[in-house]
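Observations on chain architecture
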Amino acid sequence: MSNRSLLLKLLSAAILFGAWEIAGRIPVSYAFPTFVESMQALARMFFDGSLFVAYGETLKPLVVGIAISAVLGIAIGLWIGLSSTFDWLFSPIFIVMQAAPLAALIPILVMAYGIGLTSKVFVVCIMAMPVIVLNTSGAVRNTPSSIKEMARSFLGTNWDVVFKIILPAASPVIFSGLRLGISAGFIGAILSELKITPTGVGDIITYSRSIADYPSMYAAIFSIIVLAVLFLNLLEKLEKTLFEGNYRGYASD
Amino acid sequence: MKIMGYRLPAMSSLILWGILWEIVGQAGVTFFIPPLSKVFVTLFEVIGTGSFQKALWDTAYAFFAGVFFSIVIGIPTGIMMGKNRLIDEMLLPWVNMFLSAPLTALVPVLMVLFGFGMKSIIITTTLFAIWIIILNTRAGVMQINRSMIEMARSFGASPMDAFFKIYFWAALPEILGGVRIGVIRAVKGVIIGQLLISIVGFGALFELYSSNFLMAHFWAVLIVLFALAFTISEVFAYLERRVAYYAAKR
Amino acid sequence: MAMPQTETAFEAKVDNAVAVRGVSKNYGDVEALKDMSLEFPRGQLTSLLGPSGCGKTTLLKIIAGLLEPNSGEIEVNGKAVTGPGPDRAFVFQDFALLPWASVLRNVGFGLELRGVARSEREAIAEKYIKDVGLAGFEKSYPHELSGGMRQRVGLARALSVNAQVLLMDEPFSAVDEQTRRKFQEDLLNLVQNESKTFIFVTHSIEEAVYVSDQIAILLPRPSRVSEIIRPSGFRNKDAASIRRDPEYLDIVDEIWASLRSYVE
């Protein structure tokens, strides 16, 4: 069965890229290169190293921002999940942040922190943290009370309950929150490059657009999407291997 | 959280934060944070102005059009995917991919293909919202109990009847949930579209105010936008609650 | 016919591992337990039997130290209960296993929480895993086991900590009928071989009469002990013939007759 699904994936990819190629040849628009042209541009950037240099720039605020968001986000989420006072105080903030179009804040951040790494890291953080915090706090609060009670009946201390019961039980949801946070952070990183200062991959996009080098522009965009998708799929596989025990049912079924 | 035995309502800490905002603003700690009171005053001033009304109209138009398309295209797609295995296997990887891909990266493509106007913004909005609507609709359809489908057939229901009287209601809780999340994403989409594509609507106002350091105006508009997004989301949450009584027991 | 014995006659002859005195527990306006007093003889199995709402699980959790009573006191081995303790172990109705841990880790979990070193607790866990008949499944995960096997893990875990009082909350209600019967037989053997005190909550009359040395019948609204029955005649028969013993059948009928009117 997995052969069939792989085949179908390849088939649908072929259809999509084929359509792209055809659309480029018609051409749908002067600004729409064919699939082949875009791949050629991609190969060129890959081999002359410019792609790597660009990603080096782009990934810097992304990695730093995600690292900070993950650590802080999980810690805050844990605290919110455990303390009802903290929950009352801080959940609304993150719920508001989650729903608000934070992209509007980018110019403000730029004014406050300049156009360098700091404001880009900030952008990644404000985009990534809310979902990490809310997922973590939700998972912590929804830990089945049965196993918490069991731990207390066997003389578990509060520390035991947090580290041996709540965190392991919450990890799948926390991890999926991390995935969502990372993809939001990605959006933040690209957005800050397109809006704040062109560096890295965002620069390739804006520059090639301005000189009408559309194959390069599309190539860069294609590479971002592919990278993001690959990375997130990798994370999902990692999640499956780490949390094997959790994926096939619950002990109380 | 309880004070003296009274349970405090869920979002009420925002009042506390509001007071904090006022204090910090009055203290003049940073010019980025004007007093909340000033923001509200500005809000009421700004709402009546022509430029605000136009911005609201531009944004609302793009937003509602985007949401409309994402629902009208997304729900049927999700239903088809939920019912037909072949379609599902072909489309699902793409839907999942676009759900987590940084859609912002696609905006330059849209600009190049569809120009710098309203069309691109609407398409951006649709793109931001549609994937979660598709996925949730699909999930809603897939969890419909086999026996309900068999029951419909055993009583000779026509396809139209089956769809409108049974499947639609059975999948509705998930569909509503998906639309609610989609609506929030659509708000982000429309703002990001406006910031990147052509500076119109609220995006324009944000740019204008921030570059002229009119912070009170900036926060006022952000609050209005957020209030609108929240209201719409709550409308859907209300609808979800109305169907919740049967959602858990299907 | 079994005759309920008075409490004072009891105390004179039998040493009580657990004593409950005047315990009340309210949930808001609902009185789950009101002024309940009961004694549990050492080394024997006492059932708490009654229809839903009679407070039997509440009482069990109060004895376990997982709930606090609004009034009254509990003594275990003469010492007042203020919370969970090493002298009591609990077996849960829904098993309460860690889904992400192997059987070996689950069985050793009580010891892990007490700070016992890994090699020691694994050795103890392995012994009890064998005792409950799960040898070979040490590395399996809960989702790979049937309901009956999962409950045996829960039982092994409770036995591993070597507590003197074993509290069991409808432990067999979530498994199928055949497994349940086997468990009841195994429980009889367990009670014979271990010198522990068992407190067993159930809503099944047959089960209670089958396994218990003493049955406390609890009635709801307000919850109270209505009768204490000590089946005696067939206690020493082998597991298979108990279910056809006339005294067994009589007691079951009696209890049903008195509980019938409380069915909702």
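Residues numbered from 1 in each chain as written. Chains lettered and ligands numbered in written order. Predicted model: local features only at pLDDT ≥ 70, side-chain atom pairs only at ≥ 80, totals over all residues.

Remarks on the overall build of chain C
Applied cut-off: For the purposes of this entry, the term helix denotes a DSSP run of H or I that reaches at least four residues, the term strand denotes a run of E that reaches at least two, and both are numbered from the N terminus. Restricting the calculation to C-alpha atoms gives the radius of gyration, and the globule rule supplies 2.2 Å times the number of residues raised to the power 0.38. Here a residue counts as buried when 20 or more other C-beta atoms fall within 10 Å of its C-beta, as exposed when 12 or fewer do, and as partly exposed in between; the C-beta atoms come from the backbone. This entry defines residue contacts through backbone-placed C-beta atoms, with two residues in contact when those atoms are within 7 Å.
Within chain C one finds 10 helices and 10 strands. Relative to the compact-globule value of 18 Å for 264 residues, chain C shows a C-alpha radius of gyration of 18 Å, a close match. Taken along the three principal axes of its C-alpha coordinates, chain C extends 50 × 45 × 40 Å. When burial is assessed residue by residue, chain C has 41% of its 264 residues classed as buried. For chain C, restricting intrachain contacts to residue pairs at least 6 apart in sequence, the fraction spanning at least 24 positions comes to 68%.

Re the interface of chain A and chain C
Selection criterion: Under the scheme applied here, ten amino acids are nonpolar (Ala, Val, Leu, Ile, Met, Phe, Trp, Tyr, Cys and Pro), four are charged (Asp, Glu, Lys and Arg), and all others, including Gly, are polar.
At the interface, 20 residues of chain A touch 23 residues of chain C. Sorting the residues of the side of chain A that touches chain C by element identifies α7 (145-153) and α8 (158-195) of chain A as the ones contributing at least two each. When residues in the side of chain A that touches chain C are grouped by element, the largest group, 7 residues, is from α7(A). When the residues that make up the side of chain A that touches chain C are grouped by side-chain class, the tally is 9 nonpolar, 7 polar and 4 charged.

Re the sheet that holds strand β7 (residues 165-169) of chain C
Residues and elements named next belong to chain C. What counts, and what does not: The pairing criterion is simple: DSSP has to find at least two bridges between the two strands. The convention used is that axes are lines fitted to C-alpha atoms, helices contributing only their stretch in contact, and that angles between N-to-C directions extend from 0 to 180 degrees.
Read across the open sheet, the 6 strands follow the order β6-β7-β8-β3-β9-β10; overall the sheet is mixed. Of all strands in the sheet, those with a lone pairing partner are β6 (88-91) and β10 (224-229), marking the two edges. Averaged over all adjacent pairs, the angle separating strand axes in this sheet is 20°, with direction ignored. The sheet contact formed by strand β9 (residues 214-219) and β10 spans 5 bridges and is antiparallel. Along β10, the bridge assignment pairs Leu219 with Arg224.

Purely geometric stuff here, so don't read any function into it on its own.
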